[in-house]
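Here is what each chain is made of, one letter per residue.
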Amino acid sequence: MISFKSDPTFYPSPKSAMRGKPEDLAYVACLYEGTGIERPDHIAVVDVNPSSPSYSKVVGRVELPYIGDELHHFGWNACSSALCPNGSPGVERRYLVVPGLRSSRLYIIDVKRDPRNPEIVKTIQPQEIMEKTGYSRLHTVHCGPNGIYVSAFGNGEGEGPGGILVLDHYTFEVLGRWEIDRGDQYFSYDFWWNLPNEIMVTSEWGVPNTIEGGLKLEHLKERYGNRIHFWDLMKRKKVQSLTLGDENRMALELRPFHDPTKTMGYVNVVLSLKDLSSSIWLWYKEGGKWNAEKVIDIPAEKGDGGLPDVLKGFGMIPPLVTDIDLSLDDKFLFVSCWGAGEVRKYDVSDPFHPVLAGKVKVGGIPRHPHPSGKEMSGAPQMLEVSRDGKRVYVTNSLYSSWDNEFYDGMKWMIKLNAEDGLTLDKDFLVEFGEARSHQTRLSGGDASSDSYCYP
């Protein structure tokens, strides 16, 4: 009998993952870029076990050695995709792969030895990444069945094209650029896949030279992307692109359905140049071709004073949908409105006809208070949904130079209860001192960390 035992946090299907042990800890990217404080960023460890005496408290951290990384999205070295037919044997969910968005540096952080006190075991310098891939400004991390994939915004000069690089599963060596034939793809942002169908999808924000200095209205029409791209995952070749409306800009987060038999998913568009609305689009394959259809439209609201300078000429509050997350059962889509200060929950049992199933207000330009009574600066931005779909963890930093244009002070994490509708947990409010908070990863995995090869 074979004695090999796989990581117990790996699940062959999303259904089995939903039955797994609830998360005990959350790892949160905390950054100082834009605050005026010259300190290295860190990963904070938050106790999220309601039975624990330190529930909702920061119980550990790992401080990075350099100033100016600007931590953003990060991910695991390995996940449930290891159980795919072409998965890597022997890997375990042990390391966080943490990129610096501004520095283009990569940290490998071990959380197994002491989950509350992680430690850096490897640092990959930007010079090595540039030399081997030509890419800079690292963003999204996904654990594939045969390697670790990392997206990048652009090249060493801060222009395009951006793309994806790959790390070795076992040594974390930078192997090189992923794309063989990118066609006319230039802008880059997010990526994800349907592994059994050998499909990758990528999205567009803008090149580093456009986004790093903050939002400039004159850049919106030409310097921000509005397309998604479909790739042959094995041939590493772009096969089709779709434009999500000529008036729309910033096609960001990609959420493919977790059930691998469903070749469809959602993407959010941040801003319409026509009316400042945001939208959610469903992309799907039909008749051998990819299609995209707008299925949610969130309008801008009238602003009653207190608008940031960049919006004063409009007199409106745009919703600014900056993140979405899909529950593992593919039934609910969670949407953050960073301008309006809202998180929405949609029932997407019928993917083409979402139905609003809940909504909470906190922070935002209107400054909705927390149910504890605390005034909240900033707004819901990054969402992380637990595997069972009952909890949503929310942090509020978007990007340092953009944060400074819209809000003052952005240093919190909240929790939403999503089992029945959507409500704010008044007993869960984590503050990170002077550091801003971005992405969260949950111990054992979450709704945006793992890919599955079995329905």
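Everything below is about the structure printed above this text.
Residues numbered from 1 in each chain as written. Predicted model: local features only at pLDDT ≥ 70, side-chain atom pairs only at ≥ 80, totals over all residues. Heavy atoms only, no water.

1. Some details on the overall build of the chain
Okay, so step 1: Helices and strands together make up the secondary structure of the chain, namely five helices and 30 strands.
Okay, so step 2: Relative to a compact globule of 455 residues, whose C-alpha radius of gyration would be 23 Å, the chain shows 20 Å and is just as compact.
Okay, so step 3: Dimensions along the principal axes, computed over C-alpha positions, put the chain at roughly 70 × 55 × 45 Å.
Okay, so step 4: In the chain, which comprises 455 residues, the proportion classed as buried is 63%.
Okay, so step 5: Total accessible area computed for the chain in this model is approximately 16,600 Å², and 49% of it derives from carbon and sulfur atoms.
Okay, so step 6: Averaging the positions of the 51 positive and the 62 negative side-chain charges in the chain gives two centres separated by 2 Å. (Helix = DSSP H or I, 4+ residues; strand = E, 2+ residues; numbered from the N terminus. Rg over C-alpha atoms; globule rule 2.2 N^0.38 Å. Buried < 20%, exposed > 50% of the residue type's maximum accessible area, 1.4 Å probe, protein only. Areas by Shrake-Rupley, 256 points an atom, 1.4 Å probe, with all protein chains shown as cover. Lys, Arg positive; Asp, Glu negative; His and termini not counted. Charge placed at Lys NZ, Arg CZ, Asp CG, Glu CD.)

2. Let's talk about the packing of aromatic side chains
Here a ring pair, both rings aromatic, is described through the centre-centre distance and the interplanar angle of the planes.
Okay, so step 1: Enumeration according to the criterion identifies 21 aromatic pairs in this entry.
Okay, so step 2: The residue whose ring lies beneath Arg105 is Tyr66, and the NZ or CZ to ring-centre distance is 3.8 Å.
Okay, so step 3: Just above the ring of Phe332 sits the side chain of Lys345; from NZ or CZ to the centre is 4.3 Å. (Phe/Tyr/Trp six-rings, centres within 6.5 Å; stacked < 30°, edge-to-face > 60°. Lys NZ or Arg CZ within 6 Å of the ring centre and 35° of its normal.)

3. Side note on the pattern of salt bridges
Okay, so step 1: Scanning all chains against the criterion turns up 39 salt bridges.
Okay, so step 2: Measuring nitrogen to oxygen at the nearest pair gives 2.8 Å for the salt bridge that ties Arg93 to Asp450. In this pair, Arg93 sits in the loop between strand E4 (75-76) and strand E5 (95-99) while Asp450 sits in the segment after strand E30 (436-442), placing the two residues 357 residues apart along the sequence.
Okay, so step 3: Overall, Arg93 belongs to the buried group, its relative accessible area being 9%.
Okay, so step 4: Its salt-bridge partner being Lys374, residue Glu431 comes within 3.5 Å of it at the nearest N-O pair. Of this pair, Glu431 sits in strand E29 (residues 423-431) while Lys374 sits in the loop between strand E25 (355-361) and strand E26 (382-385), and the two are 57 residues apart along the sequence. (Salt bridge = Lys/Arg side-chain N within 4 Å of Asp/Glu carboxyl O.)

4. Describing the nonpolar core
Okay, so step 1: Counting 28 residues, the largest nonpolar core has Trp205, Tyr224, Met250, Trp338, Trp402 and Phe406 as its most contacted members.
Okay, so step 2: Those elements that place two or more of their residues in this core are strand E16 (248-256), strand E17 (264-272) and helix H5 (400-406).
Okay, so step 3: When near neighbours in sequence (up to four residues on either side) are disregarded, Tyr224 contacts Phe187, Trp205, Gly206, Thr210, Ile211, Gly214, Leu215, His219, Arg249, Met250 and Trp402.
Okay, so step 4: Core analysis: the next-biggest nonpolar cluster, separate from the first, contains 18 residues, Ile298, Val321, Cys337 and Tyr346 among them. (Core = buried A, V, L, I, M, F, W, Y, C linked by side-chain atoms within 4.5 Å. Contact = heavy atoms within 4.5 Å.)

5. Thoughts on the sheet that holds strand E19 (residues 289-298)
Okay, so step 1: An order of E16-E17-E18-E19 is seen for the four strands of this open sheet, with the pairing classed as antiparallel. Lying at the two open borders of the sheet, with one neighbouring strand each, are E16 and E19. Pairwise comparison of adjacent strand axes, ignoring direction, gives a mean angle of 25° for this sheet.
Okay, so step 2: Where E16 meets E17, six bridges bridge the pair, whose relative direction is antiparallel. By the bridge assignment for E17, Ala251 is matched with Val269. (Pairing = 2+ DSSP bridges. Axes fitted to C-alpha atoms, helices over the stretch in contact; angles between N-to-C directions.)

6. What about the state of the cysteines?
Okay, so step 1: Under the definition given, this model contains two disulfides.
Okay, so step 2: Linked covalently through their sulfurs, Cys79 and Cys143 form a disulfide whose S-S length is 2.3 Å. Where Cys79 bonds to Cys143 through sulfur, the torsion about that S-S bond is close to 120°, and the disulfide is right-handed. In this pair, Cys79 is assigned in the loop between E4 and E5 and Cys143 in strand E8 (residues 135-144), connecting sequence segments 64 residues apart.
Okay, so step 3: Bridging Cys84 to Cys453, the disulfide has an S-S length of 2.0 Å. Residues Cys84 and Cys453 are joined by a disulfide whose S-S torsion is about 90°; by sign, that bridge is right-handed. Placement of the pair is Cys84 in the loop between E4 and E5 and Cys453 in the segment after E30, with a sequence separation of 369 residues. Each of the two residues, Cys84 as well as Cys453, counts as buried.
Okay, so step 4: Assigning the bonded cysteines of the chain consecutive numbers by sequence position, one obtains the connectivity 1-3, 2-4. (Disulfide = S-S within 2.5 Å.)

7. Structural notes on the sheet that holds E25
Okay, so step 1: Spatial strand order, E22-E23-E24-E25: four strands in an open sheet with antiparallel pairing. The open sheet terminates on both sides in strands that have one partner only, identified here as strand E22 (321-326) and E25. Averaged over all pairs of adjacent strands, the angle between their axes in this sheet comes to 20°, without regard to strand direction.
Okay, so step 2: With five bridges connecting them, E22 and strand E23 (residues 332-337) associate as antiparallel partners. Across the sheet, residue Val321 finds its bridge partner in E23, namely Cys337.

8. Quick word on unusual backbone geometry
Okay, so step 1: Going from Gly160 to Pro161, the amide bond is cis rather than trans, its omega being 0°.
Okay, so step 2: With phi around 55°, Glu70 is a residue other than glycine that occupies positive phi space.
Okay, so step 3: Along the polypeptide, Glu70 turns up in the loop between strand E3 (58-63) and E4.
Okay, so step 4: Residue Leu276 is not a glycine yet carries a positive backbone phi of 65°.
Okay, so step 5: Tracing the chain through its elements places Leu276 in the loop between E17 and strand E18 (278-286).
Okay, so step 6: For Leu276, a relative accessible area of 11% translates into the label buried.

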